[in-house]
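Each chain is listed here by its residues.
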Amino acid sequence: STSDGERISAGGSPQPVIRSPRHLSRFDKLHYDTSSGLYQLIGSPLAWMESLQLSADWINATLRDEQVRDVAAGERPVVVIEDSLTLRLNQMTGDTLRAVFDAQGDLQLVEFNANSELVYHQRDEEEQPDGAVRISSDGIARVVFEGGEVRQLEGERNIDGFYVPESPQAEELRIQGFRWDPDLRPIPSAPPERRFSVLYLQFMERRAIQGRLENRDEKPHRDSTSTAPSSGIRTIKPRIPSPDSDF
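The paragraphs below set out a description of the structure included in this document.

Some points on the side chain of Asp102
Mapped onto the elements of the fold, Asp102 is located in the loop between strand 12 (97-101) and strand 13 (107-112). At 2.8 Å, the side chain of Asp102 and the backbone nitrogen of Asp106 are in polar contact. Aside from chain neighbours lying at most four places away, what touches Asp102 is Val68, Arg69 and Gln108.

And the structure:
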């Protein structure tokens, strides 16, 4: 444990997974610091966020307000992002990685500190595949994201690159250490809105039961001189769907 919080470890067989509506991961061993919100994934972990896959020897992720805010990874981590329209695989690697997310958990920046290599597949004006660019850099390389899409590529020191026209060779470009494992991706958990809906219906069910019990204990009273019907409250029992059902 730490001075301000507890350190929790997990691991074993079968390989543990972390599931959330937006972030998924597999790993051999995990350390979690409750005071800092730091998750340390060890043993060739894999992590996914939407169309992005990250593979590395280790991954450190910091959570704030229940959202991933910062990720670091090494050694020679590999990021692969499937293009949402062309399904081409954009690829990035470097000595170590730093990724930054905004308050909503959306990816803003991926930065490799040195010896970076990138493969980026372009689109034409009709959003069709239009060849690929391969870039290497001795210094820092940055990839800026907007709305889940790559918007800007930056490199520092001894930048080298070339363009491959649209062809099977362009589609098959791969960086060193390339890895793409969609079959290993865990099934996401239910989104927060659906989990909240189930909890709310369960709460309403408990209130309905409590109301029926209270009405049963009360004796009905009616004024014999009054012609108006007695008033009462009708409780309707809501149907509680299973967590796996659709709303």
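Okay, back to it.
Focus: the environment of Leu173
On the secondary structure map, Leu173 appears in the loop between helix 1 (168-171) and helix 2 (192-217). Leu173 sits 54 residues away from Val119 along the chain, and the two C-alpha atoms are 7.2 Å apart. Once residues within four sequence positions are removed from consideration, Leu173 is found in contact with Gln91, Val119, Ala132, Arg134 and Val164.

Topic: the nonpolar core
Grouped burial of nonpolar side chains is what soluble globular proteins tend to show. Counting residues in hydrophobic clusters, the biggest one holds 27 residues, and the most contacted among them are Leu54, Val71 and Leu97. Elements with a contribution of two residues or more to this core: strand 6 (46-49), strand 7 (52-55), strand 8 (58-64), strand 9 (67-74), strand 10 (78-82), strand 12, strand 13 and strand 16 (141-146). Not counting residues within four places of it along the chain, the set of residues in contact with Val71 comprises Leu54, Ile59, Asn60, Ala61, Leu97, Arg98, Ala99 and Phe101. With 9 residues, the next largest nonpolar core counts Val119, Ala132, Val164 and Leu173 among its residues.

Details of the packing of aromatic side chains
Enumeration over the complete set of coordinates arrives at 1 aromatic pair. Arranged with centres 4.3 Å apart and planes meeting at 25°, the rings of Tyr32 and Tyr39 form a pair that is stacked. Tyr32 sits in the partly exposed class, given a relative accessible area of 21%. One residue, Arg174, lies across the ring of Phe178, its end atom 4.5 Å from the ring centre.

Let's talk about the pattern of salt bridges
Counted under the stated rule, the structure contains 12 salt bridges. The salt bridge partner of Arg88 is Glu166, with a shortest N-O separation of 2.7 Å. Of this pair, Arg88 sits in the loop between strand 10 and strand 11 (89-93) while Glu166 sits in the loop between strand 18 (160-164) and helix 1, placing them 78 residues apart in sequence. Overall, the relative accessible area of 7% leaves Arg88 in the buried class. With a relative accessible area of 37%, Glu166 lands in the partly exposed category. Between Glu111 and Arg98 there is a salt bridge, with its nearest N and O atoms 3.7 Å apart. Within this pair, whereas Glu111 is found in strand 13, its partner Arg98 is found in strand 12, the two being separated by 13 residues in sequence.

Focus: the sheet that holds strand 18
Overall, antiparallel pairing links the 9 strands, which are arranged 2-3-6-7-10-11-14-15-18 in an open sheet. Each edge of the sheet is formed by a strand with only one pairing partner; in this case those strands are strand 2 (17-19) and strand 18. Averaged over all pairs of adjacent strands, the angle between their axes in this sheet comes to 15°, without regard to strand direction. The sheet contact formed by strand 11 and strand 14 (residues 116-123) spans 3 bridges and is antiparallel. Bridge pairing in strand 14 links Gln91 to Val119.

A closer look at the pairing of strand 14
In the sheet, strand 14 pairs with strand 15 (residues 129-137) via 7 bridges, with the strands oriented antiparallel. Across the sheet, the residue bridging to Glu117 is Ser136, located in strand 15. The turn linking strand 14 back onto strand 15 is made up of 5 residues, and Glu127 within it adopts a positive phi angle of 65°.

Focus on the side chain of His121
Relative to the helices and strands, His121 resides in strand 14. Engagement of the side chain of His121 in a polar contact is seen with the backbone oxygen of Leu89, the distance being 3.3 Å. Not counting residues up to four positions away in its chain, the partners in contact with His121 are Arg88, Leu89, Asn90, Gln91, Gly131, Ala132, Ala170 and Glu171.

Some thoughts on unusual backbone geometry
Going from Gly74 to Glu75, the amide bond is cis rather than trans, its omega being -15°. With respect to the helices and strands, the residue Glu75 is situated in the loop between strand 9 and strand 10. For Leu87, which is not glycine, the phi torsion reads 65° and is therefore positive. Among the structural elements, Leu87 can be located in the loop between strand 10 and strand 11. For Leu87, a relative accessible area of 54% corresponds to the exposed category. Positive phi, close to 50°, is recorded for Asn158, a residue that is not glycine. Along the polypeptide, Asn158 turns up in the loop between strand 17 (149-155) and strand 18.

What counts, and where the lines are drawn
Residues numbered from 1 in each chain as written. Predicted model: local features only at pLDDT ≥ 70, side-chain atom pairs only at ≥ 80, totals over all residues. Heavy atoms only, no water. Helix = DSSP H or I, 4+ residues; strand = E, 2+ residues; numbered from the N terminus. Polar contact = N/O pair within 3.5 Å; in protein donor to acceptor, adjacent residues only side chain to side chain. Contact = heavy atoms within 4.5 Å. Core = buried A, V, L, I, M, F, W, Y, C linked by side-chain atoms within 4.5 Å. Buried < 20%, exposed > 50% of the residue type's maximum accessible area, 1.4 Å probe, protein only. Phe/Tyr/Trp six-rings, centres within 6.5 Å; stacked < 30°, edge-to-face > 60°. Lys NZ or Arg CZ within 6 Å of the ring centre and 35° of its normal. Salt bridge = Lys/Arg side-chain N within 4 Å of Asp/Glu carboxyl O. Pairing = 2+ DSSP bridges. Axes fitted to C-alpha atoms, helices over the stretch in contact; angles between N-to-C directions.

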